[in-house]
Every structure is written in C-alpha cells, then in structure tokens.
Amino acid sequence: MISSILQTILDVATRHKITTAIIGGLALPAYNVARTTLDIDICIKIQSQKQLNTFIEALKEKEINTIQEPKIVHDLFTVFGKRSEAEIWLKPCDAFQWDDQMVEKIQLFFGDVHVLAIEDYILTKLARSDRSSVDIDDVLKIIIANKDSLDWEYLHFRLKWVGLESDFIEIIKAFELDFNNNIRNISRDILDKFK
Amino acid sequence: MSQKKGKRAPIHITLADIERAYKKVEEFQRLIERGKTPERIFKDMLRLIEVDK
C-alpha cells in the first residue's frame, strides 16, 4: 500500500485504462537515486477532453478534487485529497508532448507504479522551462548511477529531438573536469559511452 | 494550469557539484547494501510528503 492519494489516482487511472508515470523527485528511486521532495507528480496520457472529464469525475467520487477546470491542452492540474495533494501532468514535461515511443518505453517500478524510461526522464529534467540547479544535480546522479544501463543511442536521439544536445554536452564536460582532477574511472567510462 | 514559463537555469557545474553527486550515489548504494530496496525508499519518501502536508 502506498500513499492514499497516489494509490487512488493510480487505481482510477488503471480502471479507465489511462497510462501513468510518476515523474519529478519522487521517481528518482526507480533510477537508483534519492533526495527529499515535497511533491507528488504524476503524468497521464489522456486521449480526449471527454476522457479527461471522466477521469476527473471518477477521482471526485473518491474524494479527490480539483478546483480547476482542466482542459486537455493544459500542462497540469492540482488535485487535493484529505491529507495531501498531487500534481497531475497531461504531458511528461511542459516542453514536450507524449509520443508513442515514450509510452512504449514506460517501465514498471513495482506494483502498479510506473516511471518513464530513464532517458526520457533525463529529458524532462533538462527540458523543463523552469529548470533549476536541482534538476542538473539529479541528472548528474542519474548518469553516475546508471551509466551501464543507459541507452546512450536513444538518449542522443531524444536530446536532438528536443534540441538540448549542447546543454547535455555541458553536463558531460563536468565528467571531464572530474576525470582530469580525480582520475575517477566512472567519469572516464561515462565520457567514453557518450562518444 | 499551463505552467508559467520560467527560465532554464544555465548549466555550470563545478568540481564540488560532481563530487557531491558521486557521494549521493554512494549513499543510495549503501542503503541498498543495508537491505533497503528502491521500492522501500520510494514509500519512505511518500510517507514524508504526507507527514509534511
């Protein structure tokens, strides 16, 4: 059993055959990283306004409400349960939409909790319009913890797709800096894999 | 409901930033070695969020 609001949202989404993925800081343990966070962020793939309305009504029946009037063109809306709240995103990131490949690559974390493919998750961190230093720190940690399991080819493809190759190169330069100073093999490996 | 469009922070990573990232990854790995699972860590994070709210 996980948090009541999250579990209810996932249950309702499953019943309505809506694809979900946990995003934001809460998703980090799925990528072998953790830090404190105060937010529950879930992205869902909604096909139509009608489906969105049905979903919101079903949440309401479970005492999870929104004071907004979400539209399918919006980025996100906030829902409130008895003890907590969650942000429900209608796209994985404010900078890009879902596509079929991204949906296919969604991974099961445990139970009915799903997360984006690690490469797509990195993209959500780099592309968000209000990207902060915390997002960059998260990307650093994810690369270090997953250097051998990252699909570097797919990551290159996605970085090009969203126009963030030069930003990612800046991150990679940090590993060059580390290798030059600390001769850490993991940094060398990451530099080799990026090539 | 559409996210206010902010400004992406420029990427400027120092040696201290990368040292800290390596340390945080090691800390997570130590938790795993001590028997915590990523699932357990996720649930602990969720519990903290609910307590905080």
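Keep in mind that what you see is a predicted model, and the values were worked out from it rather than measured. Per chain, residue numbering runs from 1 following the sequence as it is written. Chains carry letters from A onward and ligands carry numbers from 1 onward, assigned in written order. Reporting in this predicted model follows two pLDDT cut-offs: at least 70 for local features of residues, and 80 or more for side-chain atom pairs to be given and counted; totals over whole chains, interfaces and linings ignore these cut-offs and use all residues.

Colleague: What is the right way to look at the environment of Asp41(A) in this model?
Modeller: Residues and elements named next belong to chain A. With respect to the secondary-structure elements, Asp 41 resides in strand β2 (residues 41-45). A residue is called partly exposed when the number of other C-beta atoms within 10 Å of its own lies between 12 and 20, exposed at 12 or fewer, and buried at 20 or more, with C-beta atoms placed from the backbone. Look at Asp 41 and you get partly exposed, because 18 C-beta atoms sit within 10 Å. In this structure the C-alpha to C-alpha distance between Asp 41 and Ile 143, which are 102 residues apart in sequence, comes to 22 Å. C-beta atoms are placed from the backbone for every residue, and two residues are taken to be in contact when these atoms lie within 7 Å. Residues in contact with Asp 41, not counting those within four places in the same chain, are Ile 23, Gly 24, Leu 26, Glu 87 and Trp 89. Helical segments are the DSSP runs of H or I of at least four residues, strand segments are the runs of E of at least two, and each set is numbered from the N terminus.

Colleague: Teacher, can you tell me more about unusual backbone geometry here?
Modeller: Excluding glycine, residues mostly have negative phi values, and the peptide bonds linking residues are mostly trans. All names here are of chain A. Even without glycine at this site, Lys 17 takes up a positive phi of about 55 degrees. Take Lys 17: it is sitting in the loop between α1 (4-15) and β1 (19-23). Its 8 C-beta neighbours within 10 Å are what place Lys 17 among the exposed residues. In this structure, Ile 183 takes a positive phi of about 50 degrees despite not being glycine.

Colleague: Teacher, can you tell me more about the interface of chain B and chain A here?
Modeller: Reports often express the size of an interface as the amount of accessible area lost when the parts come together. On the chain A side, the residues contacting the 29 residues of chain B number 42 residues. Residue assignment for the side of chain B that touches chain A shows that the elements contributing at least two residues are α1 (15-33) and α2 (38-52) of chain B. Here the side of chain B that touches chain A gets 11 residues from one element, more than from any other, and that element is α2(B). Side-chain classes are defined by residue name, with Ala, Val, Leu, Ile, Met, Phe, Trp, Tyr, Cys and Pro counting as nonpolar, Asp, Glu, Lys and Arg as charged, and the others, Gly among them, as polar. Counted by class, the side of chain B that touches chain A contains 17 nonpolar, 3 polar and 9 charged residues.

Colleague: Teacher, can you tell me more about the environment of Leu48(B) here?
Modeller: Residue and element names in this part refer to chain B. Secondary-structure assignment places Leu 48 in helix α2. Owing to 13 C-beta atoms within 10 Å, Leu 48 belongs among the partly exposed residues under this scheme. In this structure the C-alpha to C-alpha distance between Leu 48 and Gln 29, which are 19 residues apart in sequence, comes to 21 Å.

Colleague: Would you explain the packing of helix α4 (residues 118-127) of chain A against helix α5 (residues 133-146) of chain A in this entry?
Modeller: Each packed pair of helices is defined by two parameters, the angle between the axes and the distance between the axes. Residue and element names in this part refer to chain A. As a rule, the C-alpha atoms of each element are fitted with a line to give its axis, helices using only the stretch in contact, and angles between N-to-C directions run from 0 to 180 degrees. Between α4 and α5, whose axes approach to 9 Å, the crossing angle comes to 160 degrees. Of the possible angle classes, the one that applies to α4 and α5 is roughly antiparallel. Here the hand of the crossing between α4 and α5 comes out left-handed. Residues Ile 118, Ile 122, Lys 125 and Leu 126 of α4 touch α5, and the partners they reach there are Asp 135, Asp 138, Val 139, Ile 142 and Asn 146. When the residues that make up the contact of α4 with α5 are grouped by side-chain class, the tally is 5 nonpolar, 1 polar and 3 charged. The labels follow the angle: roughly parallel below 35 degrees, roughly antiparallel above 145, roughly perpendicular from 65 to 115, and oblique for the rest. Each crossing is labelled by how the near helix is turned from the far one, with a counterclockwise turn of less than a right angle marking it left-handed and a clockwise turn marking it right-handed.

Colleague: I tried to follow the domain arrangement of chain A on my own but got confused; where do I start?
Modeller: All names here are of chain A. The domain limits used here are those given by an automatic or database domain assignment. As assigned here, chain A comprises domain 1 (1-116) and domain 2 (118-195). Contacts between the two partners involve 15 residues from domain 1, matched on the other side by 14 residues from domain 2. Looking at side-chain class alone, the side of domain 1 that touches domain 2 contains 12 nonpolar, 1 polar and 2 charged residues.

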